Amino acid sequence: LESADGRIEVRKVGEGTFGEAFKLNNDLVLKVVPIDGDMLVNGEKQKTSGELLAEVVIHNCLRGLRGREGQNLCGAFIETHGISVCSG
């Protein structure tokens, strides 16, 4: 989603119980999940950092299932390029 003048455009592509997803160029999708706040997100309480950490640990274990060949592999499993936490 690059504009004619070379800027990267961001488009919201979805929202879930705990956050929102945005698509950048080259089909890269960023999932934004607010944590440890008091404000409701899409009508739900924000996750705690401990809850999010548990999800990251589980996801890191499951992403090993992404593959094209072999037993117990799935080529359609999400590919993760990185997980970051930021403030602001």
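Calculation criteria
- For every chain, the first residue of the written sequence is number 1, and numbering continues from 1 along that sequence.
- Totals for whole chains, interfaces and linings use all residues, but because this is a predicted model, local features are given only for residues with pLDDT of at least 70 and pairs of side-chain atoms are given and counted only at 80 or more.
- As a rule here, side-chain values cover all heavy atoms of the structure and leave hydrogens and water aside.
- For salt bridges, the criterion is a side-chain nitrogen of Lys or Arg within 4 Å of an Asp or Glu carboxyl oxygen.
- Remark: exposure states derive from per-residue accessible area (1.4 Å probe, protein chains only) relative to the maximum for the residue type, with buried under 20%, exposed over 50%, and partly exposed in between.

Scanning the model with the defined rule gives three salt bridges in all. One salt bridge in this structure joins glutamate 15 and lysine 12, with 2.7 Å as the shortest N-O distance. A salt bridge links lysine 47 to glutamate 55; the nearest nitrogen and oxygen atoms lie 2.3 Å apart. On the basis of relative accessibility, which here comes to 10%, the residue lysine 47 falls in the buried class. Residue classification places glutamate 55 among the partly exposed residues on the basis of a relative accessible area of 38%. Through salt bridges that share partners, Lys12, Glu15 and Glu20 make up one connected network.

Shape descriptors only; they carry no functional weight alone.
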